[in-house]
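# Fold and geometry: a report
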Amino acid sequence: MALVTAHIAPLMKTAGFRKRGLIFERKRGEVTQLVTIQLSSGGDGTFMVNIGLVFDAIKALRNGTGVVIGGKVVDYSTRLATKRLPKVWTVTNASAGTQVAAAIAGALRRLDLIDDAPSALDKLDSELAKGFHKVLRAQLKYTTGDKRGARVDLVATAAEFSDRRGCSVEELAKRARLKLPR
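The sections below set out a description of the structure shown in this document. (Residues numbered from 1 in each chain as written. Predicted model: local features only at pLDDT ≥ 70, side-chain atom pairs only at ≥ 80, totals over all residues. Heavy atoms only, no water.)

### Overview of the side chain of N50
The criterion, for reference: Only DSSP runs of H or I with at least four residues qualify as helices, and only runs of E with at least two residues qualify as strands; both kinds are numbered from the N terminus onward. Accessible area is worked out with a 1.4 Å probe on protein chains only. A residue is then buried under 20% of its type maximum, exposed over 50%, and partly exposed in between. Within 3.5 Å is the distance limit for a polar contact, defined as a pair of N or O atoms, with the added protein rule that one can donate a hydrogen and the other accept it, and that residues adjacent in sequence qualify only through two side-chain atoms. Residue contacts are counted whenever heavy atoms from the two residues lie within 4.5 Å of one another.
Structurally, the position occupied by N50 is in strand 4 (residues 46-55). Judged by relative accessible area, N50 falls into the buried class, the value being 8%. Among the polar contacts listed, one links the side chain of N50 to the side chain of Q38, at a separation of 2.7 Å. Non-local contacts of N50, meaning those with residues more than four positions away in its chain, are made with L34, V35, T36, Q38, I69, T78 and R79.

Dropping the structure here:
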């Protein structure tokens, strides 16, 4: 895709990412960071930019299931969008390359600050406080030695999703592979 070659690949290379097709990957400390360009399956010329993080500390806990980005099971994923820019881009839009590159550059400034579990807890705090992301926050806390904090997050998740099957504290802890104090 010409847009990727002209606008995105140079930015990603400068930031230390390796390119494989439409997948950009780099290792920062204990975190593998992925940025992928996902083409629409409808063939309508639209695409999305996905960001994924894989934490070394959580790999041992993972059971091999979850969201896959760039061929890897990721611990954290999001779709690049800003308040002024869409989640879905069109390759025929003349300014799409510049806009996407600017949005990715903003995301990279944030990713530059995430290289381990403690920095993720700090820099992703607002996202990790929502919904099932609290389970990831529990895992990150667990890997940093904060088992009580991990339990608090699982209790909050279980309370928020109490109407769903499999969302008790014990079931969430089992799926997250956490052995927590009572």
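Following the structure, the description resumes.
### Concerning the nonpolar core
Stated precisely, the cut-off is as follows: Here, nonpolar core refers to any group of buried Ala, Val, Leu, Ile, Met, Phe, Trp, Tyr and Cys residues whose side-chain atoms link them within 4.5 Å.
I8, F24, V49, F55, L140 and L154 are the most contacted members of the largest nonpolar core, which totals 47 residues. Contributing elements (two or more residues each) for this core: helix 1 (2-14), strand 3 (31-39), strand 4, helix 3 (96-111), helix 4 (117-123), helix 6 (133-143), helix 7 (147-160) and helix 8 (169-176). Sort the elements by how many residues they give to this core and helix 3 lands first, with 7 residues. Beyond its immediate chain neighbours, meaning those up to four positions away, F55 contacts E30, V31, R62, D75, Y76, I114, D116, A120 and L140. In this structure, I23, V54, I69 and V74 belong to the second largest nonpolar core, which totals 5 residues.

### A closer look at the layout of surface pockets
The line we're drawing: The distinction between a cavity and a pocket rests on a 1 Å grid over the protein atoms alone: a 1.4 Å probe fits inside a cavity but cannot get out, while a pocket stays open yet meets protein on both sides within 12 Å along at least five of seven lines, and a residue with an atom within 4 Å of a point counts as lining. Grid points are joined across faces, edges and corners, and a volume is the space filled by probe spheres set on the points. Polar here means any residue outside two lists: the nonpolar Ala, Val, Leu, Ile, Met, Phe, Trp, Tyr, Cys and Pro, and the charged Asp, Glu, Lys and Arg; Gly therefore counts as polar.
The volume enclosed by the second largest pocket comes to roughly 260 Å³. Lining the second largest pocket are 16 residues; nearest its centre among them are I51, T78, L80, A107 and R110. At the level of elements, strand 4, strand 7 (76-79) and helix 3 are the ones that each hand at least two residues to the lining of the second largest pocket. Broken down by element, the residue count for the lining of the second largest pocket peaks at 5 residues, all from helix 3. Residue composition of the lining of the second largest pocket, by class: 10 nonpolar, 3 polar and 3 charged.

### Let's talk about the packing of aromatic side chains
We count it as follows: Only Phe, Tyr and Trp rings take part, Trp by its six-membered ring, and two of them pair if their centres are within 6.5 Å. Stacked means planes under 30 degrees apart, edge-to-face means over 60, and tilted covers everything else.
Counted according to the given criterion, the structure contains 1 aromatic pair. Measuring from ring centre to ring centre gives 4.0 Å for F132 and F161, while their planes differ by 10°; the resulting arrangement is stacked. In this pair, F132 sits in the loop between helix 5 (125-128) and helix 6 while F161 sits in the loop between helix 7 and helix 8, placing the two residues 29 residues apart along the sequence. Using a relative accessible area of 34% as the deciding quantity, one classes F132 as partly exposed. When its relative accessible area of 9% is taken as the criterion, F161 is described as buried.

### Digging into the pattern of salt bridges
Heads up, the rule is: The salt bridge definition used is simple: a Lys or Arg side-chain nitrogen within 4 Å of an Asp or Glu carboxyl oxygen.
For the coordinates displayed, the defined rule picks out 12 salt bridges. When the shortest N-O distance is used, the salt bridge between K27 and D56 registers 2.7 Å. Here K27, found in strand 2 (residues 23-28), pairs with D56, found in helix 2 (residues 56-59); they are 29 residues apart in sequence, far enough to count as distant. Judged by relative accessible area, which is 44%, K27 ranks as partly exposed. The residue R137 makes a salt bridge to D153 at a minimum N-O spacing of 2.7 Å. Taken together, the residues R137 in helix 6 and D153 in helix 7 connect sequence positions 16 residues apart.

### A short note on a nonpolar patch on the surface
We count it as follows: For patch building, the residue pool is restricted to those with more than 30% relative accessible area and no salt bridge; the joining distance is 9 Å between like charges and 5 Å between nonpolar side chains (Val, Leu, Ile, Met, Phe, Trp, Tyr). Here the Shrake-Rupley method, with its probe set to 1.4 Å, supplies the accessible areas, and only the displayed protein chains count as covering residues.
A grouping of M1, L39 and V91 is seen on the molecular surface, where their side chains present a nonpolar patch of about 230 Å² in accessible area. Along the chain, the position of M1 falls in the segment before helix 1. Take M1: its relative accessible area is 35%, and that puts it in the partly exposed class.

### What to know about helix 6
Along helix 6, 9 of the 11 residues are buried, which leaves the element largely enclosed by surrounding structure. Here helix 6 has its buried residues at K134, V135, L136, R137, A138, Q139, L140, K141 and Y142. Backbone geometry just after helix 6 places G145 at a positive phi near 95°.

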